[in-house]
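Topology and contacts: notes
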Amino acid sequence: MPENLLVSVVDDDESIRESLPDLLREFGFAAKAFSSAEEFLESGYVEKTKCLIADIAMPGMSGPDLQSELKRRRYPIPIIFITAHEAEAVRERLVDEGAVACLSKPFSDKILLTALDAAFGLN
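Here we summarise the structure given alongside this text. (Residues numbered from 1 in each chain as written. Predicted model: local features only at pLDDT ≥ 70, side-chain atom pairs only at ≥ 80, totals over all residues. Heavy atoms only, no water.)

A short note on the pairing of strand 3 (residues 49-55)
Of all seven residues in strand 3, six are buried; the element is thus mostly enclosed. As defined by bridge partners, strand 1 (residues 6-10) adjoins strand 3 across five bridges and the pair is classed as parallel. Looking at the pairing, Val7 lines up with Cys51 of strand 3. Following the backbone out of strand 3, through helix 3 (residues 63-72) and into the adjacent parallel strand 4 (residues 79-83), one traces a crossover that is right-handed. (Buried < 20%, exposed > 50% of the residue type's maximum accessible area, 1.4 Å probe, protein only. Helix = DSSP H or I, 4+ residues; strand = E, 2+ residues; numbered from the N terminus. Pairing = 2+ DSSP bridges. Right-handed = clockwise from strand over helix to strand, strands pointing away.)

The following block contains the structure:
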């Protein structure tokens, strides 16, 4: 996996922001973590991000709101949503609206790697 593929993580959960980038680096990606959608949008990393992993439910702008805002700004970043909530209707809607996947926390390394492969068109 080329190191220049930046995967950004947006999650209000500090443990996810600490552990997920380490895992992404083990997979061979560059990784950057943000505590909110607003922080990500203001960071200067939006244009560099090749895939986004975002929590669905966050204070302020939610993951789906971030997806809508990225579409509005014409940034076609593949998005993998992660969630601690079981809401199949929400998952289906997000995928219908263009998300690559919607993974339930906790998810396995293999499931995440499969979603990343799909985001980059590798499977």
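Text resumes after the structure shown.
Quick word on unusual backbone geometry
In this chain, Lys105 is followed by Pro106 through a cis amide linkage whose omega measures -10°. Within the secondary structure, Pro106 is located in the loop between strand 5 (101-104) and helix 5 (109-119). Positioned with a positive phi, Arg74 is a non-glycine residue whose angle comes to about 65°. Relative to the helices and strands, Arg74 is located in the loop between helix 3 and strand 4. Residue Arg74 is classed as exposed on the basis of its relative accessible area of 72%.

Some thoughts on the sheet that holds strand 1
The strand order across the open sheet built from five strands is 2-1-3-4-5, with neighbouring strands paired in parallel fashion. Only two strands of the sheet have a single partner each, and these edge strands are strand 2 (30-34) and strand 5. Across the sheet, the mean angle separating the axes of adjacent strands is 20° when strand polarity is ignored. Those strands touched by helix 3 are strand 1, strand 3 and strand 4, and its axis lies near 165° from that of strand 4. Packed onto the sheet, helix 4 (residues 88-96) meets strand 4 and strand 5 and runs at close to 150° relative to strand 5. (Axes fitted to C-alpha atoms, helices over the stretch in contact; angles between N-to-C directions. Contact = heavy atoms within 4.5 Å.)

Topic: the pairing of strand 4
Judged by how many residues are buried, strand 4 sits mostly within the fold: five of five residues are covered. The alternating pattern of strand 4 places Ile79, Phe81 and Thr83 and Ile80 and Ile82 on opposite faces, both of which are buried. Note: strand 4 against strand 5, four bridges, orientation parallel. Bridge assignment links Ile82 to a residue of strand 5, and that residue is Leu103.

Nothing here speaks to function; it is geometry throughout.
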